[in-house]
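An overview of the molecular structure
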Amino acid sequence: MERGNFGKVGVILATAGSAVGLGNVWRFPFMAGQNGGAAFIVLYIGCILLLGIPGMVSEFIIGRHAQANAQRAYDTIAPHRHWRFVGYLGILTSTIILGFYAVVAGWCLQYLYASIVGQLSGDADYVTTYFQTFSTDPLKPCLWAVAFVVLTHLVVVRGVKGGIERAAKILMPLLLLLLVVIVVASCMLPGASEGVRFLLQPDFSKVSSSVMLEALGQAFFSLSLGTACLCTYASYFTKDTHLLASAGQIALLDTLIAILAGLMIFPAAFSVGVQPDSGPSLIFITLPNVFQQAFAQMPVVGYVIAVLFYALLVFAALTSTISMHEIGTAFFHEERHLPRPRAALVLTIVCSVIAVLCSLSMGAVDAISLFGMPLMAFCDMLTAQVMLPAGAFLTSILVGWFVSRQVLRDEFTNRGSLRATLFPIWLCCVRYVVPAGILLIFLHQLGVV
Ligand code: PHE
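Along every chain, residues carry numbers that run from 1 in the direction the sequence is written. The predicted nature of this model means local features are confined to residues of pLDDT at least 70 and side-chain atom pairs, given and counted, to a pLDDT of 80 or more, with totals for whole chains, interfaces and linings taken over all residues. Values reported for side chains reflect all heavy atoms of the structure, with hydrogen atoms and water molecules removed beforehand.

**Describing the overall build of the protein chain**
What counts here: Note on conventions: DSSP H or I runs of at least 4 residues are helices, E runs of at least 2 residues are strands, and numbering of each starts at the N terminus. Here the globule rule reads 2.2 Å times residues to the power 0.38, and the radius of gyration is calculated from C-alpha atoms. Accessibility here uses a 1.4 Å probe with only protein chains present; expressed as a share of the type maximum, an area under 20% marks a residue as buried, one over 50% as exposed, and anything in between as partly exposed. Contact definition: two residues touch when any of their heavy atoms are within 4.5 Å. Only the protein chains shown count as covering a residue, and every accessible area follows the Shrake-Rupley method with a 1.4 Å probe. Charged residues are defined here as Lys and Arg on the positive side and Asp and Glu on the negative side; His and the ends of the chain fall outside this count. The atom standing in for a charge is NZ when the residue is Lys, CZ when it is Arg, CG when it is Asp and CD when it is Glu.
When helices and strands are counted, the protein chain shows 18 helices and two strands. For 449 residues, the compact-globule estimate of 2.2 N^0.38 gives 22 Å, and the C-alpha radius of gyration of the protein chain, at 21 Å, lies within 12% of that figure. The dimensions of the protein chain, computed from C-alpha atoms along their principal axes, are 60 × 50 × 45 Å. Counting all 449 residues of the protein chain, 58% fall into the buried class. Once local pairs closer than 6 in sequence are excluded, the contacts in the protein chain between residues at least 24 apart make up 81%. Accessible area for the protein chain stands at about 16,900 Å²; split by element, carbon and sulfur atoms hold 68% of it. Here the protein chain contributes 23 positively and 20 negatively charged side chains, and the mean placements of these two sets differ by 13 Å.

Right under this line is the structure:
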């Protein structure tokens, strides 16, 4: 079966495109806001370094070794067939994530539209009410969410090289540039320094076991780790892709963008009096204020920057949803032998249904809830705090304890062409640090340790 390959730069950009998305710009700021700001960020960075990067390399190895979809990749590298269930778990997780993620991506589409037609101008109260009215509407957000899934579908059916790589190459650098511009604008608002302090001065008295689990979940969510997404993308890597360096670069870029997003949101939130712990609505009720107030002297510039920013947010979300969609599409195409467009259609239908239910649970239909949470919040919690850590835990047990050291070494060093100095350290992390770290955080949350 003919499979595409990413080019050299495309590898980093497409995988970074998967990692960088609403996780960084939407989820990270509101998670940090709800969990004490700087202290959360310190824990988050710890999770990225100790658990995230070694975990990424493990998934890369599994995918590139097999050059196949997630289920076959786990089958190929593992000694027993039951490890394929970790592949299935990844496919399931990414499908659920795509469902609720599309809802937020749909909100971004609406905000793009609203900023183009100038609906977002008004005081802080107006902007807050605007979000509440829109997000609890029974129809509009559902339509935008489904539109987003369909948009993803259209890119995915065009295949790996034509769609995914080309989009990522143009849009990622543009996003970074615009973020920096908005950070500067936000930090110049009156009273902004309070927000900068909130983000950079840790107060460890706020750290509890649940904050640790939230930081872990956020780190994995943001790196797209534990969903078999990295494994699927690595199956498109070439034999000379430097796995450790790629993981390091992607993690660095991902963290940088998350912190920039924080610096964009919190100074503005403090300046206009929006609570930092206002949850999923945080960026949607803060940003319109930044665009209006920071550029009050130059409304045209404010208008252009707002439109550009929402457009880029949509694209950042798209490069992530493409990766979630691709996991299932590759599976149905290669394992169930459906033609690629039909495989993609299966995913699109399932995810659209989840998206509509999640969207309705945000206020239009109160009954769509599980364990006392709206379905949307439940899916977010279930994936980030249970399924992603479980996927990463099982993957590290597989790679650390069951795969032959020779296979790992060959992949890690590209068959001996790279130095193996860091190989023992990485292996030690994968064998002990990653599983023990995840387990400890879980047990701590459950009150066992
Ligand atoms: N990492 C993406 C983001 O931060 C979300 C994602 C999760 C993508 C899991 C793929 C798989 O937005």
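**Observations concerning the pattern of salt bridges**
To keep things clear, this is the line we draw: The rule for a salt bridge is simple: a side-chain nitrogen of Lys or Arg has to be within 4 Å of a carboxyl oxygen of Asp or Glu.
For the structure shown, the criterion picks out nine salt bridges. For Arg 64, the salt bridge identified is with Glu 411, shortest N-O distance 2.8 Å. Highlighted residues: Arg 64 in helix α3 (residues 38-66) and Glu 411 in helix α17 (residues 405-412), separated in sequence by 347 residues. Summarising the burial analysis for this pair, Arg 64 and Glu 411 share the class buried.

**Re helix α4 (residues 70-77)**
Put simply, the rule is: Pairing of N or O atoms within 3.5 Å defines a polar contact, subject to two protein rules: one partner must be a possible hydrogen donor and the other a possible acceptor, and residues neighboring in sequence count only if both atoms are side-chain atoms.
Where burial is concerned, most of α4 is hidden: six out of the eight residues are buried. Residues Ala 70, Gln 71, Ala 73, Tyr 74, Asp 75 and Ile 77 constitute the buried set of α4. One side-chain oxygen of the residue at the start of α4 lies 3.2 Å from the amide nitrogen of Gln 71, identifying that residue as Asn 69.

**Thoughts on the site of the ligand**
The condition is simple: The cutoff for a nearby residue is simple: one of its non-hydrogen atoms must lie within 4 Å of the molecule or strand. Grid points spaced at 1 Å and placed over the protein atoms alone form the basis of the search, with a cavity being a set where a 1.4 Å probe fits but cannot get out and a pocket an open set showing protein on both sides within 12 Å along at least five of seven lines. Lining residues have an atom within 4 Å of a point. Each molecule is assigned to a cavity or pocket provided more than half of its atoms lie within 2 Å of the corresponding grid points. The classification used treats Ala, Val, Leu, Ile, Met, Phe, Trp, Tyr, Cys and Pro as nonpolar, Asp, Glu, Lys and Arg as charged, and all other residues, Gly among them, as polar.
Inspection of the region around the ligand gives 16 residues, with Ala 19, Gly 23, Tyr 101, Phe 221 and Ser 224 positioned closest. Within the backbone of Ala 19, one N or O atom sits 2.8 Å away from an oxygen atom of the ligand. With the chains in place, 100% of the 320 Å² that the ligand exposes on its own is no longer accessible. In this structure, the ligand is accommodated by the largest cavity. Mapped onto the shell around the ligand, the elements with two or more residues apiece are α1 (8-19), α2 (22-34), α5 (84-117), α10 (209-223) and α14 (299-334). Of the residues that constitute the shell around the ligand, the class distribution is seven nonpolar, nine polar and no charged.

**Re the environment of Ala 258**
As for its placement among the helices and strands, Ala 258 is situated in helix α12 (residues 243-272). In this structure, the C-alpha to C-alpha distance between Ala 258 and Gly 416, residues 158 residues apart in sequence, is 35 Å. Those residues in contact with Ala 258 that sit more than four places away from it in its chain are Asn 24, Phe 28 and Tyr 44.

**So, the confidence of the model for the protein chain**
What counts here: Per-residue confidence from the predictor is reported as pLDDT, which spans 0 to 100.
Counting all residues, the mean pLDDT for the protein chain is 90, and 97% of those residues have values of 70 or more. Per-element confidence in the protein chain is highest for helix α15 (residues 340-360), whose mean pLDDT is 96, and lowest for helix α8 (residues 160-187), whose mean pLDDT is 80.

**A word on the environment of Phe 378**
Tracing the chain through its elements places Phe 378 in helix α16 (residues 375-402). The exposure class assigned to Phe 378 is buried, which follows from its relative accessible area of 12%. Along the sequence, Phe 378 and Leu 22 sit 356 residues apart, while their C-alpha atoms lie 17 Å from each other.

**With respect to empty space enclosed by the protein**
Keep this limit in mind: Grid points are joined across faces, edges and corners, and a volume is the space filled by probe spheres set on the points.
Overall, the coordinates contain three cavities of 30 Å³ or more when judged by the stated rule. Within the residue set of the lining of the largest cavity, elements represented by two or more residues are α1, α2, α5, α10 and α14. Element by element, the count of residues in the lining of the largest cavity is highest for α14, at four residues. When the residues that make up the lining of the largest cavity are grouped by side-chain class, the tally is ten nonpolar, ten polar and no charged.

**Looking at α17**
Structurally, the α-helix is built with 3.6 residues per turn, so residues lying three or four positions apart point the same way. Keep this limit in mind: Within this analysis, the arc is defined by the directions that extend from the helix axis to the C-beta atoms.
Turning to α17, its buried residues are Leu 408, Glu 411 and Phe 412. Summarising the axial view, the buried residues of α17 lie within an arc of 100°, below the 170-degree limit, and thus occupy one face. Its buried side turned inward, α17 meets α3, α12, α16 and α18 (423-446). Positioned one or two residues after α17, Asn 414 has a phi angle of 50°, which is positive.

**Looking at the nonpolar core**
Definition in use: Here the nonpolar core consists of buried residues drawn from Ala, Val, Leu, Ile, Met, Phe, Trp, Tyr and Cys, with membership extended through side-chain atoms lying within 4.5 Å.
Ranked by internal contacts, the top residues of the largest apolar core, which has 148 residues, are Phe 309, Tyr 310 and Trp 426. Top element by residues in this core is α5. It accounts for 16 residues. Dropping the residues within four chain positions of it, Phe 309 is found in contact with Val 25, Leu 178, Leu 179, Ile 182, Met 264, Leu 287 and Phe 291.

**A look at the layout of surface pockets**
The volume enclosed by the largest pocket comes to roughly 320 Å³. Forming the boundary of the largest pocket are 16 residues, of which Phe 30, Pro 280, Met 376, Ala 377 and Asp 380 lie nearest the centre. Counting only elements with at least two residues in the lining of the largest pocket, the list comes to α2, β2 (373-374) and α16. For the lining of the largest pocket, a count of residues per class yields eleven nonpolar, two polar and three charged.

**A closer look at the state of the cysteines**
Our working rule: Cysteine sulfur atoms that pair up within 2.5 Å are treated as a disulfide.
One pass over the structure, following the stated rule, counts zero disulfides. As a non-bridged cysteine, Cys 428 has Cys 429 as the owner of its nearest cysteine sulfur, 5.9 Å distant. Overall, the relative accessible area of 37% leaves Cys 428 in the partly exposed class.

**A look at the packing of aromatic side chains**
Going by this rule: Here a pair means two rings of Phe, Tyr or Trp (six-membered ring of Trp) with centres within 6.5 Å. Their orientation is stacked below 30 degrees between planes, edge-to-face above 60, and tilted elsewhere.
This model, assessed by the stated rule, comprises 29 aromatic pairs. A ring pair is formed by Trp 107 and Phe 284, whose centres lie 5.5 Å apart and whose planes are at 85°; its orientation type is edge-to-face. Separated by 177 residues along the polypeptide, Trp 107 in helix α5 and Phe 284 in helix α13 (residues 282-293) bring together distant segments of the chain. By relative accessible area, which is 1% here, Trp 107 ends up buried. Given the relative accessible area of 1%, Phe 284 is considered buried. Consider the rings of Tyr 111 and Tyr 130, whose centres lie 5.8 Å apart with planes at 85°: the pair is edge-to-face. With Tyr 111 in helix α5 and Tyr 130 in helix α6 (residues 124-135), this pair connects stretches of sequence that are 19 residues apart. Tyr 130 matches Tyr 111 in its accessibility class, with the two residues each being buried. An aromatic cluster is present here, built from Trp 107, Tyr 111, Tyr 126, Tyr 130, Phe 131, Phe 284, Phe 291, Phe 309 and Tyr 310 joined pairwise through their rings.

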